[in-house]
Amino acid sequence: MSTHINSERLTASLDALGRIGAYLDEASGLTGVRRLAFSAEDGEGRRHVVAEMKAAGLEVTVDRIGNVFGRRAGREPGARPVMAGSHIDSVATAGRFDGCLGVLGALEVVKALNDAKVTTRRPLVVAFFSEEEGARFGTDMLGSAVAVGRIPLERAYALSDRDGKTVRAELESIGFLGDAPTELPKLHAYLECHVEQGPLLRAANMDVGVVTGVQAICWHELVISGRSAHAGTTPMNLRADPGMAASRVQLLLRDLVRSGRFGDQLRATMGVTQFFPGLVNVVPNRVVATVDIRHPDDAVLRLAEAELVEHYARIAAEEKVTLTHRQTARTPDISFAQKVRALVAKSASARGLKHQDIVSGAGHDCQELAKHCPAGMVFVPGEYDGISHNPREFSTPKQCADGVNVLLDVVTALAEEEGP
Ligand code: GLV
Ligand code: MN
Ligand code: MN
């Protein structure tokens, strides 16, 4: 059995994919990655990874939501496969690691097995799922959610971006509207290696994290409508200013967190505010804003969401505007399989890697797959407080290799297990 992945090859492969969709980030002067789902850059990234999969001997299929699977035969073709992967789409201001480490790491596992001429009992499948970020079409884990039946395919196809372009048309335009059914076959297990995207592991001087699960996530899109007016002549008491209402909602998010009524783990963010017409001396008539709230306990998140919605109505009434909200993403907290967590911890210990349990603050395809089969994740620490969704995102070659070596151990252990 192969005992190590090739760290230099993994780094080179992360660098190569990171060059696709690279852009100069004006704010930092750094090179970032912009591969929004189903954009031309995503199409190029996908073709690159598919070529890499084929070069590693994998048989590639694309399903009807554009999820891509590369299969490596096992000694027992009828046995349920072990799948490993993640996503290669990105937010508009990404680094090179988010998602890509899981996909290219899984591919590196295959390459290491190829080098060692090892065939596992079960087939292995390297996967990347569509629009994990939700950064373009508004809902996260889209491809994996369709694959496990949480989101119906037709609903996913009809989602549109801010320019009105639909998922289906955009998938077709990049040549990834596949014909394989979206339903996943029965799997023995699913594994994902991912950067932590936060500061905890690095601060605790850990080499890897054993991910126990993912916290609950809720997204709202707010459309707040009022009345445009001249900024200099319109008395404040005669205004219906949706910008003021949006600002009050944003402050309310902080107040909800600070109140402590939802414990100390509620996270709340307003990531988008678009003012229309968006002019310095015009009171806006419309604001589109987003809210992202998260908590490790779904029941607590539900209470926070209900309270938030009551406040929306109050703020709208007080500001004399209308406020409608739409829930664009909602996932409960998920616990990963004990068995997979134990294997991740066992591998880390055997390799002399310092490890600790950690709950994921970010959403991941693995939380969808966890509804389908035993699933788990290994986290890799990040430098600079684990900053992510940002060009500064960085994990060292050693940090990445540690995580992917654990992935190798766990995937191969699971792939040797007896049973269907
Ligand atoms: C995905 O990156 C998310 O957690 O928003
Ligand atoms: Mn990710
Ligand atoms: Mn991300």
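Whatever comes next refers back to the structure up there.
Please read all numbers here as calculations on a predicted model, not as lab measurements. (Residues numbered from 1 in each chain as written. Chains lettered and ligands numbered in written order. Predicted model: local features only at pLDDT ≥ 70, side-chain atom pairs only at ≥ 80, totals over all residues. Heavy atoms only, no water.)

1. Here we look at empty space enclosed by the protein
No. 1: Per the counting criterion, the structure on display carries two cavities of 30 Å³ or more.
No. 2: Put simply, the largest cavity is a space of about 70 Å³.
No. 3: Around the largest cavity, the lining residues are Val 82, Met 83, Ala 84, Ala 106, Val 109, Val 110, Leu 124, Val 125, Val 126, Leu 407 and Val 411.
No. 4: When contributions to the lining of the largest cavity are tallied by element, the ones reaching two or more residues are β5 (82-86), α3 (100-115), β6 (124-128) and α12 (397-416).
No. 5: Tallied by class, residues from the lining of the largest cavity come to eleven nonpolar, no polar and no charged.
No. 6: Approximately 40 Å³ is the volume attributed to the second largest cavity.
No. 7: Tallied by class, the residues present in the lining of the second largest cavity amount to three nonpolar, five polar and two charged. (1 Å grid on protein atoms, 1.4 Å probe; cavity = no way out; pocket = protein on both sides within 12 Å on 5 of 7 lines; lining within 4 Å. Points joined across faces, edges and corners; volume = space filled by probe spheres on them. Helix = DSSP H or I, 4+ residues; strand = E, 2+ residues; numbered from the N terminus. Nonpolar A, V, L, I, M, F, W, Y, C, P; charged D, E, K, R; others polar.)

2. Points about the coordination of the manganese ion (ligand 2)
A metal bound by six donors in octahedral fashion has ideal angles of 90 or 180 degrees, whereas one bound by four tetrahedral donors has an ideal angle of 109.5 degrees.
No. 1: Distances from the manganese ion (ligand 2) to its protein donors, His 87 (NE2), Asp 98 (OD) and His 194 (NE2), fall within 2.0 to 2.2 Å.
No. 2: Donor residues binding the manganese ion (ligand 2) come from one chain and are separated in sequence as H-x10-D-x95-H.
No. 3: The distance between the manganese ion (ligand 2) and the manganese ion (ligand 3) is 3.6 Å, with Asp 98 acting as a donor to both metals. Here His 87, found in the loop between β5 and α3, pairs with His 194, found in strand β7 (residues 189-195); they are 107 residues apart in sequence, far enough to count as distant. With respect to class, His 87 is no different from His 194; both count as buried. (Donors = N, O, S within 2.8 Å, 3.2 Å for Na, K, Ca; no water. Buried < 20%, exposed > 50% of the residue type's maximum accessible area, 1.4 Å probe, protein only.)

3. Remarks on the coordination of the manganese ion (ligand 3)
No. 1: Taken together, Asp 98 (OD), Glu 133 (OE), Glu 133 (OE) and His 389 (NE2) make up the full set of protein donors to the manganese ion (ligand 3), lying 2.1 to 2.5 Å away.
No. 2: The exposure class of Asp 98 is buried, given its relative accessible area of 6%.

4. Some words on the layout of surface pockets
No. 1: Considered as a void within the structure, the second largest pocket measures approximately 230 Å³ in volume.
No. 2: Along the walls of the second largest pocket sit 14 residues, with Thr 61, Phe 69, Arg 71, Val 125 and Pro 185 positioned nearest its centre.
No. 3: For the lining of the second largest pocket, a count of residues per class yields eight nonpolar, two polar and four charged.

5. A word on the packing of helix α1 (residues 7-18) against helix α2 (residues 40-55)
Packed helix pairs are specified by the crossing angle of their axes together with the interaxial distance, meaning the distance between the axes.
No. 1: Running from N to C, α1 and α2 cross one another at 150°; their axes reach a closest spacing of 10 Å. Judged by the angle between their axes, α1 and α2 are roughly antiparallel. Judged by residue contacts, Ser 13, Ala 16 and Leu 17 of α1 engage Gly 45, His 48, Val 49 and Glu 52 from α2.
No. 2: Per-class residue counts for the contact of α1 with α2 are three nonpolar, three polar and one charged. (Axes fitted to C-alpha atoms, helices over the stretch in contact; angles between N-to-C directions. Parallel < 35°, antiparallel > 145°, perpendicular 65-115°, else oblique. Contact = heavy atoms within 4.5 Å.)

6. Digging into the side chain of Glu 319
No. 1: Among the secondary structure elements, Glu 319 is positioned in helix α9 (residues 298-319).
No. 2: Take Glu 319: its relative accessible area is 16%, and that puts it in the buried class.
No. 3: Among residues more than four places away in sequence, those in contact with Glu 319 are Arg 239, Ala 240, Asp 241, Met 244, Ala 245 and Arg 248.

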